[in-house]
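Coordinate inspection notes
One letter stands for each residue in the lines below.
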Protein chains: 2
Amino acid sequence: MTRLTIAPGKLREFGLKVLSQLDVPRDKAQICVDAFLFGSLRGIDSHGLFPLLPRMAREIRGGVIDPKADVRIVKRQASTMLIDGCRGLGPVTAFQSMEEAIKLCRQKGMGGVSTYNCNHFGAASFYGCKAVKEGLIGITFCNATPRVTPYGGRQGIHGTNPMSFVVPAGKYPPLVVDIATSASSVGKISQALKKGERIPDGWALDETGNPTNDPKEALQGFLLPMADHKGYGLGLIVDILTGALADSYCGKEVPPLDDLTTPYGASFFMMVLDPGCFAGRDIFTEKVDRLIEDCITCPPMSGVERVYFPGEMEAMEETKRAKTGIPVLDTDLGTFFQSLGDHKLEIEKELLA
Amino acid sequence: MTRLTIAPGKLREFGLKVLSQLDVPRDKAQICVDAFLFGSLRGIDSHGLFPLLPRMAREIRGGVIDPKADVRIVKRQASTMLIDGCRGLGPVTAFQSMEEAIKLCRQKGMGGVSTYNCNHFGAASFYGCKAVKEGLIGITFCNATPRVTPYGGRQGIHGTNPMSFVVPAGKYPPLVVDIATSASSVGKISQALKKGERIPDGWALDETGNPTNDPKEALQGFLLPMADHKGYGLGLIVDILTGALADSYCGKEVPPLDDLTTPYGASFFMMVLDPGCFAGRDIFTEKVDRLIEDCITCPPMSGVERVYFPGEMEAMEETKRAKTGIPVLDTDLGTFFQSLGDHKLEIEKELLA
């Protein structure tokens, strides 16, 4: 298992070529590759081009994703919208939903969009960043396959159900909060298993409902909500603002993410707020800057070098990886190249040249 | 220290009489007493009539709260509003802000209200419950005195910053998530100190920035965010959607809650969503009912009797206390009666009759 480092531009071209061979229209392919590269650049590797591009390729080939689908507006009120994702490419559905939420916000000061029939969209904060580019606050919730047990229970009744808030700052990169409402994730537990490590207290139960530090038992069992009853509550709120608001799969009904032969069917909720409709945009970003400064100048606790503001480490990683390249495992690439069939050699040669 | 049990109706009359003697208009007094009784009835005693009514009485007498103030609308867009709380009674400011958010939501499908110059409003979910009575989802955020250190730091830079979501169900009481974004609260740590108990890991640091299980050291030190970097992020988001959006006190700037001689100056953010503008109200409450059923029928983990849905225990406590009465410590009452001066005897006689 070797770690290659590939320039983002090269990886981007590679992604576009792969999607073009799957008959994904160019504009949609760009959105997908940019969404996945956002994860790869910012060090959110679980939501990067690997593993998400190979997953998407399999789902397009299997006919589970419709690569040409645009979203369809089902219902519209002054500041809200209900949208059918039409089983389109996850990032395209999310991007178009966020575009609608931004339009509503521009007209009314605030916009809320509920979208169903969706696929995996990568990192939730990618879409909030789109709102931030226009000076707005972008909020994204998404439900997911039920792997998380309620507080006190031992059954998966909701997903890792992420919440993402992206906030424009003045002098600093955006403040980005992008978190699962579970204590951990299947991805992190799988990594621990690969590395032969134990997992911390509070992450998971085994299948009989006892706390476990064994990643294998955890994967056969259930994820725990973050912060006990608090994450349990917030996880349910995400399902309520996504699946329930859209009358789509909700809680236990959300299909398994890992079954690439049937449509996924997650739902999103996107919300955009204009600080200009409250006290004003300039004073808002000044306030956010001051808050950020209070964070980064906060004296650190014992054993910690310094305090970071939310999104700062990811922004630093993005700057770094943009220069030095994105780490990719050769095993990930190898498996992917094999899956490309006839196109394998040409793409492989170009990427690794 | 004896525990008395007083009927809610009697406690309500008592509260109204106290506020009337402080020249609080009757309609405003009713909102305050109902907001505080909501906490007392639902077992959220830290946000009940004691200690909040005595606190309010002191602040009215000190001229810090203006008991006659109504909110003042500063700025209005289609679905948003900026409001000056004018140092009014906390529950009155919050109630009137929620009323405006509900009106915006009725017109536009969604409403967002940012309010500054506010005082302590009791339990955040009281206001969301008002939206739920009209079939709407009510969301409330509030910032607070900086007692919580950022993840990795040792300085209070934001408050316990609660988030509350209240959601209408069909057959069940509302689903209520009402949580501080910190791991614990000053109230809970003070209780541990009183009882001579240690506090759990993850609640607090001492003043030098080391983790502590000693409640006394914790009170001299800093509260920790819930779930490490996740609660840190969400705590900041609450300050951003309250103080920053309103151009008011934000993060470290929020004045000390316990200094009853200067205005508090917290900010609220209220948001209301109409499920009828998405897939529809009936299907929404059906979905929420199903989610609630999945929670309460979830097999429990080892050592747990059964799983509750968020807000269920509080609703049960409310039903119980409405019948059997609200527990009050005689020491709390005694201190309060003393502070009433001339009116002491009459009120004391009535309440304890």
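Residues numbered from 1 in each chain as written. Chains lettered and ligands numbered in written order. Predicted model: local features only at pLDDT ≥ 70, side-chain atom pairs only at ≥ 80, totals over all residues. Heavy atoms only, no water.

Reports often express the size of an interface as the amount of accessible area lost when the parts come together. Residue and element names in this part refer to chain A. Partitioning chain A into structural domains gives domain 1 (1-61 + 324-353) and domain 2 (71-178 + 245-310). Between domain 1 and domain 2, the C-alpha centre-to-centre distance is 24 Å. On the side of domain 2, 18 residues touch domain 1, which itself brings 17 residues to the contact. At the boundary of domain 1 with domain 2, total buried surface from both sides reaches about 1500 Å², with 77% on carbon and sulfur atoms. Contact with domain 2 buries area across many residues of domain 1, yet Ile31, Phe38 and Arg55 alone supply 36% of it, more than any other trio. The salt bridge partner of Asp258 is Arg55, with a shortest N-O separation of 3.1 Å. For the pair domain 1 and domain 2, the number of links is two residue pairs in polar contact (both at pLDDT 80 or more). For the side of domain 1 that touches domain 2, the secondary structure elements donating two or more residues are α2 (26-41) and α3 (49-61). Top contributing element to the side of domain 1 that touches domain 2 by residue count: α2, with seven residues. Along the lines of polarity and charge, the residues of the side of domain 1 that touches domain 2 split into ten nonpolar, one polar and six charged. (Domains from an automatic or database assignment. Contact = heavy atoms within 4.5 Å. Buried area = accessible area lost by both parts, 1.4 Å probe. Salt bridge = Lys/Arg side-chain N within 4 Å of Asp/Glu carboxyl O. Polar contact = N/O pair within 3.5 Å; in protein donor to acceptor, adjacent residues only side chain to side chain. Helix = DSSP H or I, 4+ residues; strand = E, 2+ residues; numbered from the N terminus. Nonpolar A, V, L, I, M, F, W, Y, C, P; charged D, E, K, R; others polar.)

Let's shift gears to the side chain of Thr140 of chain A. Residue and element names in this part refer to chain A. Relative to the helices and strands, Thr140 resides in strand β5 (residues 137-142). In this structure Thr140 comes out as buried when scored by relative accessible area, which is 0%. In this structure Thr140 touches Met98, Phe121, Ala124, Tyr127, Gly128, Pro162, Met163, Ser164, Phe269 and Met270, once residues within four positions along its chain are discounted. (Buried < 20%, exposed > 50% of the residue type's maximum accessible area, 1.4 Å probe, protein only.)

Counting residues in hydrophobic clusters, the biggest one holds 72 residues, and the most contacted among them are Leu175 and Leu234 of chain A together with Leu175 and Leu234 of chain B. The contacts of Leu234 of chain B, once residues within four sequence positions are left out, are Phe165, Val177, Ile179, Met226 and Leu234 of chain A together with Met163, Thr181 and Met226 of chain B. (Core = buried A, V, L, I, M, F, W, Y, C linked by side-chain atoms within 4.5 Å.)

With that settled, consider the pattern of salt bridges. All names here are of chain A. Using the criterion set out here, one finds 34 salt bridges over all chains in the structure. With its nearest N and O atoms 2.6 Å apart, the salt bridge here joins Arg106 to Glu134. Here Glu134 lies in the loop between α5 (125-132) and β5 and Arg106 lies in helix α4 (residues 90-108), a separation of 28 residues in the sequence. Given the relative accessible area of 28%, Glu134 is considered partly exposed. One salt-bridge network, in which partners are shared between bridges, spans Asp45, Glu317, Lys320 and Arg321.

Attention shifts here to helix α10 (residues 312-324) of chain A. Residue and element names in this part refer to chain A. For α10, with 13 residues, the first-to-last C-alpha span of 18 Å sits near the 18 Å given by 1.5 Å per residue. The set of residues buried in α10 consists of Glu312, Ala315 and Arg321. Those residues of α10 that are buried are in contact with α1 (8-21), α2, α9 (281-296) and β12 (326-329). (Expected span 1.5 Å × (residues − 1).)

Attention now goes to the confidence of the model for chain A. When pLDDT drops low, the exact placement of atoms in the prediction is not to be read closely. Overall, the prediction assigns chain A a mean pLDDT of 94, with 97% of residues at 70 or greater. Across the predicted assembly, pTM comes out at 0.97 and ipTM at 0.96. (pLDDT = per-residue confidence, 0-100.)

To continue, consider the relation of the copies chain A and chain B. Superposition of the two copies of the chain requires a rotation about an axis together with a shift along that axis. With an axial shift of 0.0 Å and an RMSD of 0.0 Å, the rotation relating chain A to chain B amounts to 180°. Expressed as an axis order, the relation between the two copies is that of a two-fold axis. Minimal C-alpha separation from the rotation axis in chain A is found for Ala227 of chain A, amounting to 2.6 Å. A share of 100% of interface residues in chain A that are also interface residues in chain B marks the association as one of identical surfaces. (Least-squares fit on C-alpha atoms with pLDDT ≥ 70 in both.)

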